[in-house]
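One-letter residues, chain by chain:
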Amino acid sequence: MAFKIIASQCTQCGACEFECPSEAIKFKGDAYVIDPNKCTECKEAFDTQQCVSVCPVSKTCVPA
Ligand code: SF4
Ligand code: SF4
């Protein structure tokens, strides 16, 4: 499973892009998106999902 970004809630602050250990988050078109093929849920790298941890808007990075 991967995480996804709820585009309508994202402020496009960009914080998550640099914290993702899998480089799964990119700005594409007009929104930040998580590549489900790259997202590892941060397993083996961190105890918690980094995109969820740094996102200033609650419930914006959520399980896909
Ligand atoms: S859960 Fe982890 S690997 Fe997946 S997008 Fe978020 S920071 Fe990247
Ligand atoms: S940290 Fe949250 S608000 Fe900022 S770009 Fe990522 S998903 Fe959007």
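Here the structure is shown first, and the text comes after it.
Scope of this entry: the structure provided in the associated data block. Because the structure is predicted, anything quoted here is derived from the model rather than measured.

What counts and how
Residues numbered from 1 in each chain as written. Chains lettered and ligands numbered in written order. Predicted model: local features only at pLDDT ≥ 70, side-chain atom pairs only at ≥ 80, totals over all residues. Heavy atoms only, no water. Near = heavy atom within 4 Å. Nonpolar A, V, L, I, M, F, W, Y, C, P; charged D, E, K, R; others polar. Helix = DSSP H or I, 4+ residues; strand = E, 2+ residues; numbered from the N terminus. Buried < 20%, exposed > 50% of the residue type's maximum accessible area, 1.4 Å probe, protein only. Contact = heavy atoms within 4.5 Å.

### With respect to the site of ligand 2
Consideration 1: Residues in close proximity to ligand 2 include Ile5, Cys10, Thr11, Gln12, Cys13, Gly14, Cys16, Tyr32, Cys55, Pro56, Thr60 and Cys61, which together make up its full environment.
Consideration 2: For the shell around ligand 2, the per-class residue count stands at eight nonpolar, four polar and no charged.

### Structural notes on the site of ligand 1
Consideration 1: Residues in contact with ligand 1 amount to 13 residues; listed here are only the nearest, Cys20, Cys39, Cys42, Gln49 and Cys51.
Consideration 2: Per-class residue counts for the shell around ligand 1 are eight nonpolar, four polar and one charged.

### Thoughts on the side chain of Glu41
Consideration 1: Along the chain, Glu41 turns up in the loop between β3 (31-34) and α2 (50-54).
Consideration 2: With relative accessibility at 12%, the residue Glu41 sits in the buried group.

### As for unusual backbone geometry
Consideration 1: Even without being a glycine, Glu23 presents a positive backbone phi close to 50°.
Consideration 2: Given the relative accessible area of 54%, Glu23 is considered exposed.

### Re the environment of Tyr32
Consideration 1: Tracing the sequence through the fold places Tyr32 in strand β3.
Consideration 2: Given a relative accessible area of 12%, Tyr32 falls into the buried group.
Consideration 3: Apart from residues no more than four positions distant in its own chain, Tyr32 is found in contact with Ile5, Cys10, Gln12, Gly14, Glu17, Ile25, Lys26 and Phe27.

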